Amino acid sequence: MSSRRVVVFPSSAELGPVLARLVCDRAQTALNAGRSQFTLGLSGGSLVSLLSKELPAQPGLDCSKWVVGFCDERVVPFDDPESTFGLYKNQLFSKINIPENSILAIDHTLPVEECAEDYARKLNQVSSNGDVPVFDVLLLGMGPDGHTCSLFPNHPLLQETQKTIAPISDSPKPPPCRVTMTLPVVNAARCVVFVSTGGSKAPVLKEVLEGGEGPALPAARVAPSQGELLWLVDEPAAASLALQVERPGPGARL
């Protein structure tokens, strides 16, 4: 397992450009290594607006060899404001040159169990390690309860080892029906990047990064077996941390 890096920025305004550069740099690394495509897993929440602003601003951006999937998705129509795909379609995909057939979206018309099975098959076009797809980069968020993807505290899906994409019909956070990557997929990625901002995240960020009483929260279970793990956070979110962190200057590359 690679060591974890915790990188602190004054605010999301400074974090955003560094995140966009990181994604572009990892894309170039993947393609320079001879891989035919760069595979990126997206999450919703504040990441949508952050990436939609900063990625298109990257000079010389070329997404023609990118393949994009979703770390989790709500089983709702794409025009529903809860649809992560719908948000990215409206705010980001129209601004970049990613081929439409390289955006791997769920079939929201299927029942949740079938939707998960169908999406797992779609992810088969991502290069794999055995039966597990291996993404170049996964971008994750974290809820105030420590959940990531749609993996919630004390939920049975935390123990899932066979499925790569799992259905959830009892999400503690609405909407209830979702599909999500499981921990074996998350931990198979070459690079996992958490983005966590705002003072409301400070208590849970401290518990996830420094440990607490009780079972490990879902975000604390993310530990890529062969890859990088980065936490990009702002000063308000990092306010309670005692561990050693990095504070890069303007224009930094990670």
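This is a predicted model, so every value here is computed, not measured.

About the criteria used
- Residues numbered from 1 in each chain as written.
- Predicted model: local features only at pLDDT ≥ 70, side-chain atom pairs only at ≥ 80, totals over all residues.
- Heavy atoms only, no water.
- Helix = DSSP H or I, 4+ residues; strand = E, 2+ residues; numbered from the N terminus.
- Rg over C-alpha atoms; globule rule 2.2 N^0.38 Å.
- Buried < 20%, exposed > 50% of the residue type's maximum accessible area, 1.4 Å probe, protein only.
- Contact = heavy atoms within 4.5 Å.
- Areas by Shrake-Rupley, 256 points an atom, 1.4 Å probe, with all protein chains shown as cover.
- Lys, Arg positive; Asp, Glu negative; His and termini not counted.
- Charge placed at Lys NZ, Arg CZ, Asp CG, Glu CD.
- Pairing = 2+ DSSP bridges.
- Axes fitted to C-alpha atoms, helices over the stretch in contact; angles between N-to-C directions.
- Core = buried A, V, L, I, M, F, W, Y, C linked by side-chain atoms within 4.5 Å.
- Parallel < 35°, antiparallel > 145°, perpendicular 65-115°, else oblique.
- Left-handed = near helix turned anticlockwise from the far one by under 90°.
- Salt bridge = Lys/Arg side-chain N within 4 Å of Asp/Glu carboxyl O.
- Phe/Tyr/Trp six-rings, centres within 6.5 Å; stacked < 30°, edge-to-face > 60°.

Colleague: Mind laying out the overall build of the protein, listing which residues take part and the relevant values?
Modeller: The secondary structure content of the protein amounts to seven helices and 11 strands. Against the compact-globule benchmark of 18 Å for 254 residues, the protein has a radius of gyration of 17 Å, which places it among compact chains. Across its three principal axes, the protein shows a C-alpha extent of roughly 45 × 45 × 35 Å. Taking all 254 residues of the protein together, the buried fraction comes to 52%. Partitioning the contacts of the protein with sequence separation of at least 6, the portion at a separation of at least 24 is 77%. Taken as a whole, the protein presents about 11100 Å² of accessible surface, with 49% of it coming from carbon and sulfur. Averaging the locations of the 21 positively and 27 negatively charged side chains of the protein gives two centres separated by 6 Å.

Colleague: Residue-level account of the sheet that holds strand 2 (residues 38-42), with values.
Modeller: Spatial ordering of the open sheet is given by 1-11-10-7-2-3, a layout of six strands whose pairing is parallel. Edge positions in the sheet fall to strand 1 (4-9) and strand 3 (66-70), since each of these pairs with one other strand and no more. Pairwise comparison of adjacent strand axes, ignoring direction, gives a mean angle of 20° for this sheet. Where strand 1 and strand 11 (residues 228-234) come together, six bridges link them in parallel fashion.

Colleague: Which residues make up the nonpolar core, and what values do they have?
Modeller: General note: in soluble globular proteins, nonpolar side chains tend to be found buried as a group. By size, the foremost hydrophobic cluster in this structure holds 86 residues, and its most contacted members are L19, F93, L139, V193, W231 and L232. Considering every element that reaches this core, the biggest residue donor is helix 1 (residues 12-32), with nine residues. Leave out the neighbours within four places in its chain, and L232 touches V7, F9, L15, L19, V193, F194, V195, S196 and L254.

Colleague: Any chance you could break down the packing of helix 2 (residues 46-54) against helix 3 (residues 84-91) for me, citing the residues and the numbers?
Modeller: It is the contact of helix 2 with helix 3, at a shortest axis distance of 10 Å, that shows an interaxial angle of 20°. The angle between helix 2 and helix 3 falls in the class roughly parallel. For helix 2 against helix 3, the interelement crossing comes out right-handed. Contact with helix 2, carried on its side by L47, V48, S49, L51 and S52, involves L87, Y88 and Q91 of helix 3 and no other residues of that element.

Colleague: Which residues make up the pattern of salt bridges, and what values go with them?
Modeller: All chains considered together, the criterion is met by 12 salt bridges. The residue E246 makes a salt bridge to R5 at a minimum N-O spacing of 2.8 Å. Note that E246 is positioned in the segment after helix 7 (235-238) and R5 in strand 1, a separation of 241 residues in sequence. Classification of E246 as partly exposed rests on a relative accessible area of 29%. In this structure, R35 and D136 form a salt bridge, with 2.9 Å as the shortest nitrogen-oxygen distance.

Colleague: For the packing of aromatic side chains, give the residues involved together with the corresponding values.
Modeller: Each aromatic ring pair is characterised by the separation of its centres together with the angle its planes make. The full count for this structure, using the stated rule, is seven aromatic pairs. Plain terms: the ring middles of F70 and F85 are 6.1 Å apart, the flat faces sit at 80° to each other, and that makes the pair edge-to-face. Linking F70 in strand 3 with F85 in helix 3, this pair joins segments that are 15 residues apart in sequence. Judged by relative accessible area, which is 2%, F70 ranks as buried. For F85, a relative accessible area of 12% gives the class buried. Between the aromatic rings of F85 and F93, the centroid separation amounts to 6.3 Å while the plane-to-plane angle is 45°, which identifies the pairing as tilted. Each member of the pair, F85 together with F93, is buried.

Colleague: Account for the environment of L229, with residues named and values stated.
Modeller: As for its position among the elements, L229 is in strand 11. Between the C-alpha atom of L229 and that of V6, which follows or precedes it by 223 residues, the distance is 8.7 Å. Here L229 is in contact with S3, R4, R5, V192, F194, V222 and P224, once residues within four sequence places are set aside.

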